[in-house]
Amino acid sequence: MNVLVINAGSSSLKYQLLNPDSGVLLAKGLCERIGIDGKFTYKAEGKATKDAVDVPMPTHAEAIQAVMDALTDSANGVIGSMKEIDAVGHRVVHGGEAFNKSVLITDEVLKAIEDCIPLAPLHNPANLTGIRACQKVMPGVPMVAVFDTAFHQTMPARAYMYALPYEYYENDKVRRYGFHGTSHKYVAGRAAAMLGKKPEELKLISCHLGNGSSVTAVDGGKSVDTSMGFTPLAGVPMGTRSGDLDAGILQYVMNKYGLSIDEMLNVLNKKSGVQGVSGVSSDFRDLTDAFEKGNERAGLAVDMFNYGVKKLIGAYAAAMGGVDAIIFTAGVGENSAAQRMAIASGLEFMGVKMDADANKARGKETVISAPDSRVKVLLIPTNEELMIAMDTAAIVK
Ligand code: ADP
């Protein structure tokens with residue numbers, strides 16, 4: 001079985017063709033500058049990446065057509081015809097309270113995704129555009145929507161409610177939704193496999209640490225709390241996002257500098273986080289380099305991030321009444337041994353004992369805790385595309 005995975009943005013579209021049963025990736029690439037001048041990148045597995053080529057893409061439909069042409073190309077293609085694509089899995093950012101799992105796309109589903117636009121005004125419209133373009137180019141091929149928020153719909157009310165007037169929840173759906181659900185679900189599944197246990201038997205804390213970061217408590221295979229909130233601005237400090245902060249600061253700063261709420265939100269989303277604190281970069285590699293050259297603020301930014309993650313691990317262990325394994329994933333989690341060590345050290349009191357040698361691993365599934373550590377610490381590379389393909393296959397089969 002072959003599943004095409006589509007992640008559509010407003011002017012870009014990422015794609016992968018994979019076999020969800022074997023996990024084999026056949027080809028992947030990127031359409032960029034859709035509606036502008038159109039740039040197309042394609043890489044068949046095992047072959048060299050081709051340079052981006054100009055392909056006219058006035059809309060997402062031409063972008064999808066370019067993907068089809070490349071996949072079926074006689075020289076560099078990986079399939080004979082479009083008939084060899086059994087289903088399409090679409091990443092959709094926000095499913096609100098309507099979706100607690102991936103679903104086959106129908107007209108009603110499209111309507112429900114549309115209803116979630118106010119919750120994700122930048123992302124859901126682009127995701128819908130990608131779905132409609134695919135339906136146009138690939139009529140009759142079953143399509144599945146996989147939501148970033150769905151995995152977190154199992155959170156209990158005490159975790160997802162904000163202590164605001166109840167009407168904001170009842171009338172306006174203001175609540176914690178959480179994001180990165182596809183990643184947390186994937187690594188939680190892999191953790192169970194690595195530990196030889198059923199998901200129902202495990203209490204896990206999944207740390208997705210990248211440019212955007214979130215930490216999730218997974219009890220018995222279900223998300224019971226997560227650090228991102230109504231929007232992906234909440235939680236730990238991120239590349240450029242502030243993470244959690246005292247809302248009172250908004251009034252103080254806005255009054256002092258005469259900022260509008262949109263300007264303030266732009267500061268919180270784009271100029272804060274480790275970039276804002278360090279004044280150096282949003283990229284953790286740059287921060288580590290700058291700190292080694294003596295930049296104290298770069299060191300402070302990384303320290304604040306690590307401390308934020310550590311505190312959530314403590315909080316979620318308390319929330320679940322224990323923890324069997326802590327998972328590190330995404331750019332920082334998969335690559336930065338120093339940050340994993342900084343986050344997990346000092347947690348010996350709760351049964352976490354790292355193995356410095358094992359922790360040198362990068363980008364491959366590895367147990368990085370000591371053999372006698374009561375709580376296992378796992379490095380698990382995330383694979384959201386594979387998770388989307390697996391969900392899609394399970395639904396269309
Ligand atoms: P995104 O949220 O954009 O998907 P990624 O998961 O790709 O982000 O993570 C990007 C982050 O991972 C960047 O801040 C990058 O610096 C960091 N990263 C990648 N490799 C390393 C490394 N070796 N050490 C520290 N950080 C790293």
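Owing to the predicted nature of the structure, the values given are computational and were not obtained by experimental measurement. (Residues numbered from 1 in each chain as written. Predicted model: local features only at pLDDT ≥ 70, side-chain atom pairs only at ≥ 80, totals over all residues. Heavy atoms only, no water.)

## Looking at helix H1 (residues 60-71)
Here is step 1 of the chain: Taking 1.5 Å of rise per residue, the twelve residues of H1 would be expected to cover 16 Å, and the 17 Å separating its terminal C-alpha atoms lies within 8% of that figure.
Here is step 2 of the chain: The buried fraction of H1 amounts to nine of the twelve residues, a majority that puts the element mostly inside the structure.
Here is step 3 of the chain: Taken residue by residue, H1 has His60, Ala61, Ala63, Ile64, Ala66, Val67, Met68, Ala70 and Leu71 as its buried positions.
Here is step 4 of the chain: Its side-chain oxygen placed 3.2 Å from the backbone nitrogen of Ala61, Thr59 serves as the N-cap of H1. (Helix = DSSP H or I, 4+ residues; strand = E, 2+ residues; numbered from the N terminus. Expected span 1.5 Å × (residues − 1). Buried < 20%, exposed > 50% of the residue type's maximum accessible area, 1.4 Å probe, protein only. Polar contact = N/O pair within 3.5 Å; in protein donor to acceptor, adjacent residues only side chain to side chain.)

## Things to note about the pattern of salt bridges
Opposite charge on two side chains makes pairing possible when the charged atoms of those side chains draw close.
Here is step 1 of the chain: Under the defined criterion, the tally for this structure stands at 14 salt bridges.
Here is step 2 of the chain: Where Asp54 meets Lys39, a salt bridge forms, and the shortest distance between an N and an O atom there is 2.5 Å. Remark: Lys39 occurs in strand E4 (residues 39-44) and Asp54 occurs in strand E5 (residues 53-54); sequence separation between them is 15 residues.
Here is step 3 of the chain: Using a relative accessible area of 55% as the deciding quantity, one classes Asp54 as exposed.
Here is step 4 of the chain: In this structure Lys39 comes out as partly exposed when scored by relative accessible area, which is 25%.
Here is step 5 of the chain: A salt bridge links Asp115 to Lys111; its shortest N-O distance comes to 2.8 Å. Here Asp115 pairs with Lys111, and both are found in helix H2 (residues 107-115), just four residues apart, close to one helical turn.
Here is step 6 of the chain: Taking the relative accessible area as the measure of exposure, Asp115 reaches 48% and is therefore partly exposed. (Salt bridge = Lys/Arg side-chain N within 4 Å of Asp/Glu carboxyl O.)

## What about the site of the ligand?
Here is step 1 of the chain: Surrounding the ligand, one finds 13 residues, the nearest of these being Asn211, Gly212, Asp283, Phe284 and Gly331.
Here is step 2 of the chain: Here an oxygen atom of the ligand sits 3.3 Å away from a polar atom, N or O, in the main chain of Gly212.
Here is step 3 of the chain: At 3.4 Å from an oxygen atom of the ligand is found a main-chain nitrogen or oxygen belonging to Val332.
Here is step 4 of the chain: Contact with the protein chains removes 69% of the 570 Å² of surface that the ligand exposes when unbound.
Here is step 5 of the chain: At the level of elements, helix H10 (284-292) and helix H12 (330-335) are the ones that each hand at least two residues to the shell around the ligand.
Here is step 6 of the chain: Tallied by class, the residues present in the shell around the ligand amount to three nonpolar, seven polar and three charged. (Near = heavy atom within 4 Å. Areas by Shrake-Rupley, 256 points an atom, 1.4 Å probe, with all protein chains shown as cover. Nonpolar A, V, L, I, M, F, W, Y, C, P; charged D, E, K, R; others polar.)

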